[in-house]
Amino acid sequence: MGKNDLTEKKIAVVGIGGVGGYLAAMLGRVCPHLTLAARGERGESIRENGLTLHSDYKGEIVVRPERVVTVDELGEQDYIFVCVKNYSLEEVCADIAHAVTEDTVIVPVMNGVDPGERIRSIMKRGTVVDSLIYIVAFANEDYSVTQQDNYAYMRIGIKNADSIQQEKVEEVSAILSAADIDHKATREIETEIWRKYILNCAYNVASAYYDNTIGQLRDDPLKAKEYEALVQEAYQVALLKGVEVKQEHIDAIIHRFYYELADESTSSLQRDIRAGKTTEVDTFSGYIVREGRRLGVDMSVSEKMYERLKEYE
């Protein structure tokens, strides 16, 4: 699917925060029938001024989508990228149900390991293509979006996809390619999702617990060891759940912490707690703690941080 093939496709992005804003800006350059679901002052700002992306990786981008509406005004769509906080998913599914047909493809670009399965259990129609994204991005007070650092890339796929489902994955891949969004389609999507989730069980949780940057965590030997413990606890849970995560994946996560992440990096959970917002602490910490307890894993570091983070929230 090239740019010319997007002419008649109706594509929507629901949730115009950091991730959704980045995808919307990239898609908006090539998709003539792009609809953004945004409410209140954010929606009004995008309607009047367009959507601005300040991207270290892709430069300055301003797009004007065809429509900016509330979720209940979406209308039927060919593709819907769902980029909301994990705790809002059930509500959003109910709100977009009218826009989903048997042929609609839904792409949740969210945190956690189970948004795809939750959408499938609720919707009962359309095709859900699972995904994840590695990105540092956030919305600004003026409703523009900032993407930091020299990477932003996705993984997409459906576990045990049949031929029809794989065709839908390839359609999404073609759209992302046309929009110059770095990505890879993979049949190992469950493993890829868990690899990112394990990283976030440490990255988001430790940075929020201490309200430290990655550089500050690295510079403190005790905090660095706790970061490693968070990774290992989540890894043991994944193994007992039958996820095909390997030791080399864990080694890469630890290496990234010590040698690749920027010193000044902060996490979405940390920023949300600072701002007094509703957070995804249950996604990054509560879920893995509950699963670890159920499976008999020693979750001492994760449990300690989860209990404190619930108080912060």
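Before any of the text, the structure's been laid out above.
Residues numbered from 1 in each chain as written. Predicted model: local features only at pLDDT ≥ 70, side-chain atom pairs only at ≥ 80, totals over all residues. Heavy atoms only, no water.

Participant: Quick question: what am I supposed to make of the overall build of the protein here?
Facilitator: Broken down by element type, the protein carries 12 helices and 11 strands. Rg of the C-alpha trace for the protein: 19 Å, near the compact-globule value of 20 Å for 313 residues, within the 12% margin. Structurally, the protein occupies a C-alpha span of about 55 × 45 × 30 Å along its principal axes. Out of the 313 residues belonging to the protein, those deemed buried represent 56%. Of the contacts made within the protein by residues no fewer than 6 positions apart, 71% connect residues no fewer than 24 positions apart. As displayed, the protein has an accessible area near 13800 Å², and 44% of this comes from carbon and sulfur atoms. (Helix = DSSP H or I, 4+ residues; strand = E, 2+ residues; numbered from the N terminus. Rg over C-alpha atoms; globule rule 2.2 N^0.38 Å. Buried < 20%, exposed > 50% of the residue type's maximum accessible area, 1.4 Å probe, protein only. Contact = heavy atoms within 4.5 Å. Areas by Shrake-Rupley, 256 points an atom, 1.4 Å probe, with all protein chains shown as cover.)

Participant: Is there a simple way to explain the nonpolar core in this structure?
Facilitator: Among soluble globular proteins, nonpolar side chains are generally buried collectively. Ranked by size, the top nonpolar core spans 47 residues in total, and within it W194, I198, Y227, V231, V245, I288 and L309 carry the most contacts. Of all the secondary-structure elements, those providing two or more residues to this core are β9 (130-139), α6 (189-210), α7 (214-219), α8 (221-240), α9 (247-259), α10 (268-274), α11 (281-295) and α12 (300-312). With 13 residues, the single largest contributor to this core is α6. Setting aside chain neighbours within four positions, we find W194 in contact with V113, A234, V237, A238, K241, V243, V245, Y287 and I288. By size, the runner-up hydrophobic cluster in this structure holds 44 residues, among which are I16, Y22, V68 and V109. (Core = buried A, V, L, I, M, F, W, Y, C linked by side-chain atoms within 4.5 Å.)

Participant: Just checking my understanding: could you explain the pairing of strand β6 (residues 79-82) for this structure?
Facilitator: Along any regular strand the residues' side chains alternate between the sheet's two faces. Burial along β6 is two-sided: the face carrying Y79 and F81 and the face carrying I80 and V82 are both buried. Bridge count for strand β1 (residues 11-14) against β6 is 4 bridges, and the pairing is parallel. Directly across from V13, in β6, lies its bridge partner F81. Relative to strand β7 (residues 105-108), β6 is paired through 4 bridges, and the arrangement is parallel. Its bridge partner being in β7, V82 is matched across the sheet by P108. (Pairing = 2+ DSSP bridges.)

Participant: How should I be thinking about the sheet that holds β6 in this particular structure?
Facilitator: Paired through backbone hydrogen bonds, the strands of a sheet run either parallel or antiparallel to each other. The sheet built from 6 strands is open, its strands ordered β5-β2-β1-β6-β7-β8 with parallel pairing. Of all strands in the sheet, those bounded by a partner on one side alone are β5 (67-69) and β8 (127-128). Looking at chain direction, β7 and β8 are connected through 2 bridges and run parallel. When the bridges of β8 are listed, I106 appears paired with V128.

Participant: Hey, could you run me through a negative patch on the surface in this one?
Facilitator: On the surface, D72, E73, E91 and D95 cluster together into a patch of negative charge. Examined against the element boundaries, E73 turns out to sit in the loop between β5 and β6. (Patch = residues over 30% accessible without salt bridge, like charges linked within 9 Å, V, L, I, M, F, W, Y side chains within 5 Å. Salt bridge = Lys/Arg side-chain N within 4 Å of Asp/Glu carboxyl O. Lys, Arg positive; Asp, Glu negative; His and termini not counted. Charge placed at Lys NZ, Arg CZ, Asp CG, Glu CD.)

Participant: Is there a simple way to explain the layout of surface pockets in this structure?
Facilitator: A volume near 300 Å³ is recorded for the second largest pocket. Of all elements in the fold, only α4 (115-123) and α6 reach the threshold of two or more residues within the lining of the second largest pocket. Among the elements that make up the lining of the second largest pocket, the one with the highest residue count is α6 (4 residues). Its residues assigned to classes, the lining of the second largest pocket shows 7 nonpolar, 2 polar and 7 charged. (1 Å grid on protein atoms, 1.4 Å probe; cavity = no way out; pocket = protein on both sides within 12 Å on 5 of 7 lines; lining within 4 Å. Points joined across faces, edges and corners; volume = space filled by probe spheres on them. Nonpolar A, V, L, I, M, F, W, Y, C, P; charged D, E, K, R; others polar.)

Participant: How do you make sense of empty space enclosed by the protein when you look at a structure like this?
Facilitator: Over the atoms a probe the size of a water molecule is rolled, and this reveals where empty space is left. Tallied over the full model, the rule gives 1 cavity of 30 Å³ or more. Looking at the largest cavity, its volume works out to about 110 Å³. Put simply, the parts of the chain that give the lining of the largest cavity at least two residues each are α4, β9 and α6. The element that contributes the greatest number of residues to the lining of the largest cavity is α6, accounting for 4 residues. Residue classes in the lining of the largest cavity are distributed as 6 nonpolar, 5 polar and 2 charged.

Participant: Is there a simple way to explain the pairing of strand β10 (residues 145-157) in this structure?
Facilitator: Where strand β3 (residues 51-55) and β10 come together, 3 bridges link them in parallel fashion. Paired with L53 across the strands is V145, a residue of β10. One ladder, built from 9 bridges, connects β9 with β10; its direction is antiparallel. Across the sheet, V136 pairs through a bridge with Q148, a residue of β10. Hairpin remark: β9 followed by β10, antiparallel, with 5 residues in the connecting loop; positive phi at Y143, about 75 degrees. Where β10 and strand β11 (residues 182-185) come together, 4 bridges link them in parallel fashion.

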